[in-house]
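Spelled out, the chains give:
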Amino acid sequence: MLMLGMIARRVLGGLLTLLIVSVIVFVGTNILPGDATEAILGQSVSPEAVAGLRKALGLDLPAHERYLRWLAGLLSGDPGVSLINRLPVAQLIGPRLANSLLLTALTAAVAVPLALLIGITTAIWRGSLYDRVANVTAVSLVAVPEFLLATVGVMLFAVQLHWVSALAKPSIGSFTEALQNFTLPVLTLCFAVTAQMARMTRAALLGVLDSSYIEMARLKGVRPARLVLRHALRNAAGPIVNAVALNLSSLLGGVIIVEVIFSYPGLAKLAVDAVETRDMPLVQACAMIFCATFMLLVLVADICSILSNPRLRAR
Amino acid sequence: MALVEVSGLHVTAQGDGGAPTDIVRDIGFSIERSEVLALIGESGSGKTTIALTLLGYARRGCRIAGGSVRIGGEEVTAMSPVELSQLRGRRVAYVAQSAAAAFNPSLRLMDQVTEGVRMRGLMPRAAAEAKARDIFRALALPDPDSIGARYPHQVSGGQLQRLMAAMALMTDPELVIFDEPTTALDVTTQVEVLRAFREAVRERHTTAVYVSHDLAVVAQIADRIIVLRDGAMREVGPTGQILAAPADSYTKSLLAAAAPRPQQSPPQPETAEAPLLEVNGLIAGYGRIDRQGRLPMPVLRDISLEIRAGSALGIIGESGSGKSTLARVIAGLLPAAAGTMKLDGVALAPTLEARGLEELRRIQIVFQAADTALNPAHSVEHILSRPLAFYHRLSRGEQRRRVRRLLDLVKLPMALLDRLPSELSGGQKQRVNLARALAAEPALILCDEVTSSLDTVVGAAILELLAELRRELGLALMFISHDLATVRAVCDEVMILYAGQMMERGPGGVVMQAPQHPYADLLASSIPELRPGWLDGIDATRLAEARGEPARPSQSDRCAFVARCPVRAGSCETEPPPLRRFAKGSDVHCHRTEQELLAQQSSRTSAVIVPLRRA
């Protein structure tokens, strides 16, 4: 009962946050200088033409009315029509979103297990040579920005060695094709998030491994593998899931850079293009999707840590 | 042949890059089968370190550097990790000090209790659980059939400690190590847990090592005692001999510190002047007051007290009785929901913000944990200068002089002025903590468990210091403790709290004497006495009382102790208890009359062996 209440509160809080975010996104995009009429008609055009187009696009309405219309549209699954090419925003976003999700999912599929493995093993062999090397490597990788990794990767593996393509297409027709397309972008994204996740996993697990009940389990003769898997991990699950969720959500930021560098037709690339053309409905929709994804990940992490805590689960 | 043979044992700690330092050295002893050996000493004496070597274990940063530990003829120090995992929890079992911390919070109790036999494939799950339930029953755990399905946070501390013993006994180990197993428990809970352990050990002819700092507890359970200090053995001998005829000077000082101390302060003469602090009908707790004027979570209910200038009031209660809350309310840290407080006859505002500087100055509080009460980044001089500047606006030079006077007052050397709290011992920290309060030149100091985290000998020195300060400075004290002997050594008057209610209040000399409140009676009889056989002398009724779950504060007006009370009547369940003045000078909240309580309590004391007091 208590737990359901907590989860309900988290979900409500998430929805409220999204509402506030929608206001910020709307206000933010309206503050940007210039509007779509400029982008469509160019700078030197008669004021009448501008006024006509503004009326046609609904840009002449008061801001709060435009916001409410937009919000109603969002809620009914219709985020409006692109100002530039007059296509429904939903239609523009659909395939791009799928592409981005594919890239993110591939990255997560590689990064999460790898990070957990490194985090857990470094925690078990704390202070060993392996632990120290892994730590130094992780810190170095965290410090290197994604655009640098991506550019160096392209220069080395695509331009010099011709192992992979410098551009990434969202296609996984065959295994080799998938490798060709995805190796570089996925690796670039993996480097930063894996290092972060592994470090946070290690810290969470070390906190648990230092506790009295782990010492007690050792004194009961529990062997190391069982100690970590059965006694320690479930108590570190909350913080670990949070670390994973936080890093996956920071992946969204990395995706923008990686998609631009590799010309990958994903959502982030679409959003960047939309900002350039002042295509506000598209920018707004993309921003809302990014925020909603972030919220969702954090929410899932929260619920996981509530579920993993028996004090909240059973009372 | 002895089951355990230890010789020349040496354990070192490896500091950060420094040379290894000795934790224990030259330890040698043996334990015969079915013998219970106690390792006794204060913190830092190495008693737990030695006990852990019997499991072939040294804590992080420590190492068994030399010597031999043989169990059943096998050398433990030479065992491989695999051999050790077969020894630990199977042949040698461990019962940790704080069961609350030593149980995995996210596994069910039954899974943890039976893990040892299940993971070794010694028993199928059903048989293991059946055996566990038998042991639960033997240890007098409530609901033995269902308690295993719970998680650790769902059972009480005393039950967890017994569950931990059950976990140790599952594999019928050759040797069980009890590491301060009752130290974290309330005194009324301790009796019963101790009794359960002793029965289990006797019935199974278990060989055991019992680690403790408490001589009175050890006297009940051990056949032989090793006295340790600073990692070395001071004395070894049978329990009777150590208690009656200690040879070593340190053992003698331990015994002296543990024995009941005489009253140190003369009774205050009755004066007509207004009390320094007067508290009336205090109600405090947490949450917002509802429409009926009630608190959702009351911690203190209807507390009234008086403290005269220069006198000392002791507050006794178990954990959760609200004694620390009382100090916080008087200090203004937690505003009361109802009731009045007067300082020198003038109404005292409930919150800190509403009090004047002078009122703040006159009431000072000293917290239990000097570790956390002192700012770790400030030197001793800085810590003591602060209140001087704040309350007295002294100049720099004046501050320096006063700080030195304060150090002198609490008997600390000047050399400590530049030290940080982390560079002080526990006793020194508590003295600085006290000096900080004294710097304000208060009329009243609220002492919240100031000696509880200190070793007996160090704590006794702090108590002496407090008595001296009272004499010299005319300070009034409110002295909060769970330890009856400590309170009686310091205080003129004693108030006994249970679940936020006052049970009894009276002069220090007469509380804990029949006739008394039934809870006071339970408390007095639960404190282990320094003689073998005390535990056997406790009758079943008293154990049953102790077994009751400690009550949590509630909104109800009835007596909080009713569920555990051996003399409860129908009216106890419904009516709030009246306040009675007993002939001995105590005020008692009880439905029973003085005569009824006297009859019941004196008949019981005559049935039980009359407690022997050490000279």
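What counts, and where the lines are drawn
Residues numbered from 1 in each chain as written. Chains lettered and ligands numbered in written order. Predicted model: local features only at pLDDT ≥ 70, side-chain atom pairs only at ≥ 80, totals over all residues. Helix = DSSP H or I, 4+ residues; strand = E, 2+ residues; numbered from the N terminus. Rg over C-alpha atoms; globule rule 2.2 N^0.38 Å. Buried ≥ 20, exposed ≤ 12 C-beta atoms within 10 Å, placed from the backbone. Contact = placed C-beta atoms within 7 Å. Axes fitted to C-alpha atoms, helices over the stretch in contact; angles between N-to-C directions. Parallel < 35°, antiparallel > 145°, perpendicular 65-115°, else oblique. Left-handed = near helix turned anticlockwise from the far one by under 90°. Nonpolar A, V, L, I, M, F, W, Y, C, P; charged D, E, K, R; others polar. Domains from an automatic or database assignment. Core = buried A, V, L, I, M, F, W, Y, C linked by C-beta atoms within 7 Å. Expected span 1.5 Å × (residues − 1). pLDDT = per-residue confidence, 0-100. Pairing = 2+ DSSP bridges.

Here we take up the overall build of chain B. Looking only at helices and strands, chain B features 23 helices and 22 strands. Taking 2.2 N^0.38 as the reference for a compact globule, 615 residues should give roughly 25 Å; the C-alpha atoms of chain B span a radius of gyration of 26 Å, in line with that estimate. Across the 615 residues in chain B, those meeting the buried criterion constitute 47%. In chain B, the share of contacts with a sequence separation of at least 24, taken over all contacts with a separation of at least 6, comes to 68%.

With that out of the way, let us pick up the packing of helix α6 (residues 129–143) of chain A against helix α8 (residues 175–209) of chain A. Residue and element names in this part refer to chain A. Put simply, α6 and α8 touch, their axes get as near as 8 Å, and they point 135° apart. One way to sum up the angle between α6 and α8 is to call them oblique. As α6 runs across α8, the sense of the crossing is left-handed. The residues of α8 that touch α6, namely those facing Ala 138, Leu 141 and Val 142, are Phe 191, Ala 192, Ala 195, Gln 196, Ala 198 and Arg 199. Within the contact of α6 with α8, the residues separate by chemical class into 7 nonpolar, 1 polar and 1 charged.

At the interface, 15 residues of chain A touch 21 residues of chain B. Every element with two or more residues in the side of chain A that touches chain B is listed here: α9 (212–219), α10 (224–261) and α13 (310–313) of chain A. Considering only residue class, the side of chain A that touches chain B consists of 5 nonpolar, 5 polar and 5 charged.

A few words now on the domain arrangement of chain B. Residue and element names in this part refer to chain B. By domain assignment, chain B separates into domain 1 (34–46 + 81–252), domain 2 (277–491) and domain 3 (518–607). Averaged C-alpha coordinates put domain 1 and domain 2 at centres separated by 37 Å. At the junction of the two partners, domain 1 supplies 6 residues and domain 2 supplies 6 residues. A class-by-class count of the residues in the side of domain 1 that touches domain 2 yields 1 nonpolar, 3 polar and 2 charged.

Moving on to the nonpolar core. All names here are of chain B. Residues Leu 54, Met 164, Ala 166, Ile 177, Val 209, Tyr 210 and Val 218 are the most contacted members of the largest nonpolar core, which totals 90 residues. At 8 residues, the largest contribution of residues to this core is made by helix α7 (residues 157–169). When neighbours within four sequence positions are excluded, Tyr 210 is seen to be in contact with Val 36, Ala 38, Phe 178, Val 218, Ile 221 and Ala 222. Ala 437, Val 450, Leu 497 and Cys 559 belong to the second-largest nonpolar core, a separate cluster that totals 87 residues.

For α10(A), which comprises 38 residues, the first-to-last C-alpha distance of 44 Å sits more than 12% below the rise-based estimate of 56 Å (1.5 Å per residue). Ser263(A) sits one or two residues past α10(A) and shows a positive phi near 50°.

What follows deals with the environment of Leu71(A). Turning to its location among the elements, Leu71(A) is positioned in helix α4 (residues 63–75). The sequence separation of Leu71(A) and Leu19(A) amounts to 52 residues, and the corresponding C-alpha distance is 9.0 Å.

What follows is about unusual backbone geometry. All names here are of chain B. Although it is not a glycine, Ala 140 sits at a positive phi angle of roughly 60°. Tracing the backbone through its elements, the reader meets Ala 140 in the loop between α6 (125–138) and α7. Phi is positive for Glu 449, which is not a glycine, with a value near 50°. Tracing the backbone through its elements, the reader meets Glu 449 in the loop between β17 (444–448) and α18 (456–473).

Attention shifts here to the confidence of the model for chain B. Residues and elements named next belong to chain B. With 93% of its residues at a pLDDT of 70 or more, chain B shows a mean pLDDT of 86. Contacts of residues 606–615 to residues separated by more than four positions or lying in other chains number 9 contacts, the stretch itself having pLDDT below 50. Across the interface, the model reports ipTM at 0.77; the global pTM reads 0.78.

What follows covers the confidence of the model for chain A. Across chain A, the average pLDDT comes to 81, with 92% of residues at 70 or higher. At the level of individual helices and strands, chain A shows its lowest average pLDDT in helix α2 (residues 36–41) of chain A, which scores 64, and its highest in α9(A), which scores 92.

All right, on to the packing of α7(B) against helix α8 (residues 187–204) of chain B then. Packed helices, taken two at a time, are described by the angle between their axes plus the distance between the axes. Residues and elements named next belong to chain B. Where α7 meets α8, the closest approach of the two axes is 9 Å, and the angle between their N-to-C directions is 15°. In this view, α7 runs roughly parallel relative to α8, as classed from their interaxial angle. α8 is crossed by α7, and the crossing has right-handed handedness. Contacts between α7 and α8 pair Gly 157, Gly 158, Gln 161, Arg 162, Ala 165 and Leu 169 from the former with Thr 189, Glu 192, Val 193, Ala 196, Phe 197 and Ala 200 from the latter. Split into classes, the residues belonging to the contact of α7 with α8 amount to 6 nonpolar, 4 polar and 2 charged.

Let us look at the pairing of strand β19 (residues 493–498) of chain B. Walk down a regular strand and you will see the side chains alternate between the two sheet faces. Residue and element names in this part refer to chain B. Of all 6 residues making up β19, 6 are buried, and the element is well covered by its neighbours. The alternating pattern of β19 places Glu 493, Met 495 and Leu 497 on one face and Val 494, Ile 496 and Tyr 498 on the opposite face, and all of these are buried. In the sheet, β19 pairs with strand β20 (residues 501–507) via 6 bridges, with the strands oriented antiparallel. What sits directly across from Tyr 498, in β20, is Gln 501. The antiparallel hairpin formed by β19 and β20 contains 2 residues in its connecting segment, where Ala 499 sits at a positive phi of about 45°.

Right, let's get into the sheet that holds strand β15 (residues 346–347) of chain B. Residue and element names in this part refer to chain B. Here we have 4 strands laid out as an open sheet, ordered β12-β11-β14-β15, and antiparallel in their pairing. Edge positions in the sheet fall to β12 (297–307) and β15, since each has one partner strand and no second. Sheet analysis places strand β14 (residues 338–343) next to β15, joined by 2 bridges and oriented antiparallel. Of the residues in β15, the one forming a bridge with Lys 342 is Ala 347. Running at roughly 70° to β12, helix α12 (residues 323–331) makes contact with β11 (277–286), β12 and β14 of the sheet.

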